[in-house]
Amino acid sequence: CGLPLLVNKRFKTLSQLIEEHHIGLTFDDEDLKDFKKVLNISEDKYHKIVTNIYTFREKFTYNNKTMEPLFNLFHKEL
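Residues numbered from 1 in each chain as written. Predicted model: local features only at pLDDT ≥ 70, side-chain atom pairs only at ≥ 80, totals over all residues. Heavy atoms only, no water.

Its place among the elements puts Phe 74 in helix α4 (residues 64-77). Remark: the alpha-carbon pair of Phe 74 and Ile 18, spanning 56 residues in sequence, is separated by 30 Å. (Helix = DSSP H or I, 4+ residues; strand = E, 2+ residues; numbered from the N terminus.)

What follows is the structure in structure tokens.
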């Protein structure tokens with residue numbers, strides 16, 4: 001939906017993906033005591049994250065073009 005993701009760092013793979021592509025914010029359990037600090041980002045940072053989300057989504061969206069290699073593989077097995 002084009003909104004930044006909030007992911008607990010316990011979800012290692014997902015939180016690494018979020019941090020690597022700058023498409024949201026990660027936090028740990030200790031941050032829950034003052035979650036406002038996690039959410040307190042500048043408007044500029046928020047807009048950069050949203051821009052990164054749209055870039056990420058274009059690159060990793062499932063559609064006929066991106067799924068074609070899998071479809072071809074599946075049809076060969078039949």
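Val 7, Ile 18, Ile 23, Leu 25, Phe 27, Val 38, Ile 49 and Ile 53 together form the largest nonpolar core, which totals eight residues. At the level of secondary structure, the elements contributing two or more residues to this core comprise β2 (24-27) and α3 (43-60). (Core = buried A, V, L, I, M, F, W, Y, C linked by side-chain atoms within 4.5 Å. Buried < 20%, exposed > 50% of the residue type's maximum accessible area, 1.4 Å probe, protein only.)

Of the residues in the protein chain, 95% have a pLDDT of 70 or more, and the chain-wide mean is 88. Taken element by element, the protein chain is modelled with least confidence in α4, mean pLDDT 72, and with most confidence in β2, mean pLDDT 97. (pLDDT = per-residue confidence, 0-100.)

Moving on, we come to the packing of aromatic side chains. Inspection of the entire model under this criterion finds one aromatic pair. Each ring, one from Phe 27 and one from Phe 35, has its centre 5.1 Å from the other, and the planes form 85°; the classification is edge-to-face. Under the relative-accessibility criterion, Phe 27 is labelled buried at 10%. (Phe/Tyr/Trp six-rings, centres within 6.5 Å; stacked < 30°, edge-to-face > 60°.)

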